[in-house]
Structures are given as C-alpha cells and as structure tokens.
Amino acid sequence: MKARARRIQIVMASVALAGSACGASAAQEAPAPATPVPAMASTRQHVKDAATHEVSRRRKHLAQEAVIANDEIIHAIIDLKQHNTKDAFAMLTKADGQLNVLLARDPHLKMAPVDVRVNVIDLELAPDKVSKAVKDAKAALDKNNIQAARELLAPLASEMHIDTDFLPLDTYPAAIKQASAQIQAKKLSAAEATLEDALSSIVTSEDIVPLPPLVAEGDLIEAEKLLKKDHHKNKQQVIALLSGADSQLADAEALGYGSYKPIHKEIASIKDKVSGGQSKPGLFDHIKQLFHKLDNSKAKS
C-alpha cells in the first residue's frame with residue numbers, strides 16, 4: 001500500500017530536444033485530432049534488456065535503511081487507521097533507528113533513493129509520419145487550436161522514463177518524532193496526518209532515455225557479433241542490421257532527440273567495407289566510441 005497523496009516532480013531530462021524535424025505551411029482547415037498512440041511495453045529485445053539492466057543497476061544504489069524506514073512508516077499509518085497504537089509506535093521507532101544509522105554513516109546526505117521504476121513508450125513511426133504530425137500540429141496552432149496540436153504531438157515519443165523516488169532526510173526524522181509524540185498524546189488523527197504529509201514529500205526524479213539510439217546501438221552490437229562469426233555467411237544480415245541502425249537514428253532525429261551525423265557517416269563507411277569484403281578486426285571500434293560519447297553526454301545533461 002502506498003499512502004502518497006501527492007509528489008513533488010523534478011524532471012531531469014537526459015536529452016535536450018533539438019526542435020521539430022521539419023517545417024510546414026499552414027493547412028486550410030485545422031486537422032482532426034490524431035488517434036493517440038498509447039504508452040506500451042516494448043516488444044524489442046534491445047529495449048527490454050536495457051530497461052531491465054537500468055532498473056537493476058539503480059536498485060543496487062537504493063539506500064536500504066531508507067527503504068526499510070519508508071515501509072515502516074506506511075505500516076504505521078495502516079496501524080493507526082486500525083487504532084493499533086502499540087504497533088504503530090513500534091514501527092516508527094524502527095524507522096527512526098534506520099534513519100539514524102543512515103545519517104550516522106553519511107551526516108550530509110539530503111536525499112535517499114528508496115524506489116526506482118521504468119516506463120517504456122515504444123513508438124515505431126516512420127519519419128514521414130512524424131513530419132506529417134508536426135505539420136498538422138503547426139496548422140492547428142495557426143488556427144489557435146492548441147488542444148488539437150497537443151493531441152497530435154503528445155504521442156511523438158519513443159523513450160524510456162526512469163523514475164527514482166527520494167526520501168528527504170531533512171524532514172523525515174522530524175516527522176517521525178512528531179508523529180511518535182502525537183501517538184503518545186493519543187492524537188491518532190494528527191499522527192496519521194503527519195506521516196501522510198511526510199510521505200507526500202517524497203521527491204521523484206525522472207530520467208528520459210530515447211529508444212531509437214538505444215535500438216540502433218543494439219543492432220550494431222549484433223552486427224559486429226555476426227561479422228566475427230562468419231563474414232561471408234552473415235554478410236547480408238550484417239548489412240541489414242546496419243541499415244536498421246541507420247533508420248533508427250533517422251527516427252530519433254525526426255522525433256527531435258538530436259543529430260547523429262557522425263554516426264550516420266560511420267555506418268555508411270562500415271557498410272561499404274562489409275559489402276566490399278574489406279572488414280577487418282576493430283571495424284566497429286570507432287562507432288562504439290561515438291555511442292560511448294553519446295551516452296556520456298546524456299549522463300551529464
């Protein structure tokens with residue numbers, strides 16, 4: 001059970017949108033709203049693997065004492081609703097002890113991560129369809145039809161949202177002590193309100209990872225593996241994977257996630273060498289460096 005009435009949302013986007021991918025003249029009439037594309041779990045293995053890996057990686061960095069303390073507070077609220085003051089007080093005592101341990105280890109810690117979730121919006125839409133939606137949205141804006149434009153643009157995303165919940169340590173210990181005192185004073189409703197208010201102050205950060213470059217990188221990794229196994233036998237499949245990676249980057253550009261010109265150029269170079277039978281060890285080294293730089297730039301933004 002989660003007793004969070006509200007959350008403070010801090011959006012830390014990992015990518016800066018590069019603007020719309022195309023210009024367009026206004027249509028004579030505002031377009032009918034497009035059918036929204038729902039958020040959906042990905043069926044692409046590269047995406048599923050990346051989502052699983054990222055959640056697992058971040059879960060290793062959760063502050064376990066804060067996780068336990070947060071759970072104890074939630075159970076204390078349940079006990080208070082059932083007028084079980086003895087167990088509620090015991091839960092808060094345990095929660096206070098966990099946070100004391102955490103703060104003793106790191107007295108300057110202000111935010112402790114307690115949960116991480118991932119949501120995938122896996123849109124597979126050709127660049128020309130994206131361009132048309134942008135064109136129609138601009139036409140709607142020219143008619144001052146803001147809601148129609150919003151509905152047209154809202155589905156234009158192919159990304160992984162990684163939400164991390166942080167427990168604010170500058171307020172939680174005090175809230176626990178206050179609620180404990182209120183329980184001892186038999187002010188159960190006040191204690192419950194104090195704890196629910198503390199839960200509502202949990203801060204959620206959101207990282208946004210574009211999917212098309214992620215899929216492109218996965219295609220290139222697979223292409224390199226196939227090339228190493230048998231260049232002659234896997235040649236056409238490798239070329240198809242390279243073309244697919246190039247197409248994914250074009251999708252990313254159409255959706256406004258950035259420009260990937262150096263990677264496009266490197267993919268073309270690799271394709272030429274594979275087609276001409278000139279592939280050598282280290283053929284993919286440079287493009288892997290380009291993706292590594294791309295990942296680092298996202299991490300810093």
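Cut-offs and rules
- Residues numbered from 1 in each chain as written.
- Predicted model: local features only at pLDDT ≥ 70, side-chain atom pairs only at ≥ 80, totals over all residues.
- Heavy atoms only, no water.
- Helix = DSSP H or I, 4+ residues; strand = E, 2+ residues; numbered from the N terminus.
- Expected span 1.5 Å × (residues − 1).
- Buried < 20%, exposed > 50% of the residue type's maximum accessible area, 1.4 Å probe, protein only.
- Arc of directions from axis to C-beta.
- Contact = heavy atoms within 4.5 Å.
- Salt bridge = Lys/Arg side-chain N within 4 Å of Asp/Glu carboxyl O.

Attention now moves to helix α1 (residues 45–59). The end-to-end C-alpha separation of α1 is 21 Å, in line with the 21 Å expected for 15 residues at 1.5 Å each. Buried within α1 we find V47, A50, A51, E54, V55 and R58. With its buried residues spanning 125° around the axis, α1 presents them on a single face. In this structure, α1 carries T52 and H53 as exposed residues pointing more than 90 degrees from its buried face. Turning to α1, the residues buried within the fold contact β2 (111–121), β3 (159–168), β4 (203–210) and α8 (211–229).

Within this structure, the stated rule accounts for 13 salt bridges. For K81, the salt bridge identified is with E192, shortest N-O distance 2.5 Å. With a gap of 111 residues between them, K81 in helix α2 (residues 64–81) and E192 in helix α7 (residues 188–200) connect regions that are remote in the sequence. Ionic pairing is found between R117 and D115, a salt bridge with its closest N-O pair at 3.3 Å. Given the relative accessible area of 26%, R117 is considered partly exposed. Exposure remark for D115: the relative accessible area of 14% places this residue in the buried category. If you follow the salt bridges from partner to partner, you end up with E54, R57, R58 and D207 in one network.

The subject of this paragraph is helix α4 (residues 127–142). Taking 1.5 Å per residue, 16 residues should reach 22 Å; α4 reaches 23 Å between its end C-alpha atoms and fits that length. Among the residues making up α4, those that are buried are V130, A133, V134, D136, A137, A139 and A140. Structurally, α4 contributes buried residues whose contacts are with α5 (146–153) and α9 (231–254). Among the residues trailing α4, N144 stands out with phi positive, at a value near 60°.

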